[in-house]
Amino acid sequence: MTELLVLTDAQLGGLVDYGEAIEVVESAFRDFGQGRATMPSKVYLSFPRYKGDIRVMPAATGDRYAGVKLVNSHGENPSKGLPAVVGTYLLFSQETGMPLCLMAATLLTAIRTGAASAVATRHMARSDARSVGLIGAGAQAAHQLRAIGRVRNIEEVVVWAPNADRERTAALVTRMQGEFPDLRIRVADSVVEAAGSDILCTTTPSRAPLFPAAALEVGAHINAVGAAGT
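The rules behind the values
- Residues numbered from 1 in each chain as written.
- Predicted model: local features only at pLDDT ≥ 70, side-chain atom pairs only at ≥ 80, totals over all residues.
- Heavy atoms only, no water.
- Helix = DSSP H or I, 4+ residues; strand = E, 2+ residues; numbered from the N terminus.
- Rg over C-alpha atoms; globule rule 2.2 N^0.38 Å.
- Buried < 20%, exposed > 50% of the residue type's maximum accessible area, 1.4 Å probe, protein only.
- Areas by Shrake-Rupley, 256 points an atom, 1.4 Å probe, with all protein chains shown as cover.
- Pairing = 2+ DSSP bridges.
- Axes fitted to C-alpha atoms, helices over the stretch in contact; angles between N-to-C directions.
- Contact = heavy atoms within 4.5 Å.
- Expected span 1.5 Å × (residues − 1).
- Arc of directions from axis to C-beta.

Peer 1: Could you clarify how one ought to interpret the overall build of the protein chain in this entry?
Peer 2: Along its length, the protein chain carries 6 helices and 12 strands. The C-alpha atoms of the protein chain give 18 Å as radius of gyration, which agrees with the globular expectation for 230 residues (17 Å, within 12%). Principal-axis analysis of the C-alpha atoms places the extent of the protein chain at approximately 55 × 40 × 30 Å. A buried classification covers 37% of the 230 residues belonging to the protein chain. As displayed, the protein chain offers around 12,800 Å² of accessible surface, 58% of which is attributable to carbon and sulfur atoms.

Quick look at the structure:
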């Protein structure tokens, strides 16, 4: 049996570049759109008692590799000292069906999601878009900014969280300001203020509307992230 390579999130963090991730994700979208990739529908295994689920996502492109990603979503995990989302990815050989690599996919999922938003932003947002509104102050928010900053010259970022956790939101702003010292990053006074940005990223699983359509500026671009399966 082929030796199985195992990679952790820490190891992958030193291997994955946002710019490269954006190009790879765009190539995968193109392959799928042109019929060169296979991506069956996502399968959900729900656990109502624990208000969570596991999502199974198989895909293949080209004729060498195929993979299956499993991602859980347990919104109550943070209260237990655990992450709400954890990903695992298993890579296979198409030729033999043998497993080749077992990867932690929590970081990969976060980067891929940010990269997908960057691809959409590159092709659909105004070329002169300069401001980003982040609705949601969880782990994904920073990845959205890191990726979108690769495709647009961002100058200002405003953040608002639907759970009204000002302390958590302020901590995210402080962390991002340290990472992006040339940007103006601040907490929005209201969700409407954040929604008025040139590029809006809704990184929240909220099932309820958070702002009226009138809050959007003409020509705004929206990356709606976090509501899959709801």
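Once the structure has been displayed, the description carries forward.
Peer 1: Would you take a moment to explain the sheet that holds strand β12 (residues 221–225) for this structure?
Peer 2: Paired through backbone hydrogen bonds, the strands of a sheet run either parallel or antiparallel to each other. Reading across the sheet, the 5 strands line up as β10-β9-β8-β11-β12 and stay open at both edges, with parallel pairing between neighbours. Strand pairing shows two members of the sheet lacking a second neighbour, β10 (184–187) and β12, which therefore form its edges. Adjacent strand axes in the sheet meet at a mean angle of 15 degrees when their direction is disregarded. Sheet analysis places strand β8 (residues 131–135) next to strand β9 (residues 156–160), joined by 5 bridges and oriented parallel. Residue pairing in the sheet places G133 in a bridge with V158 of β9. Strands β8, β9, β10, β11 (199–203) and β12 of the sheet are contacted by helix α4 (residues 139–148), whose axis makes an angle of about 150 degrees with β11.

Peer 1: Sorry if this is basic, but what is going on with helix α5 (residues 166–179) here?
Peer 2: Since the α-helix turns once every 3.6 residues, residues separated by three or four places project in the same direction. Over its 14 residues, α5 extends 20 Å from the first C-alpha to the last, a length consistent with the 20 Å expected when each residue adds 1.5 Å. The complete set of buried residues in α5 reads T169, L172, V173 and M176. When α5 is viewed along its axis, its buried side chains cluster within an angular range of 100 degrees and face the same direction. Opposite the buried face of α5, by more than 90 degrees, sit the exposed residues E167, T174 and G178. Buried residues along α5 sit in contact with β8, α4, β9 and β10.

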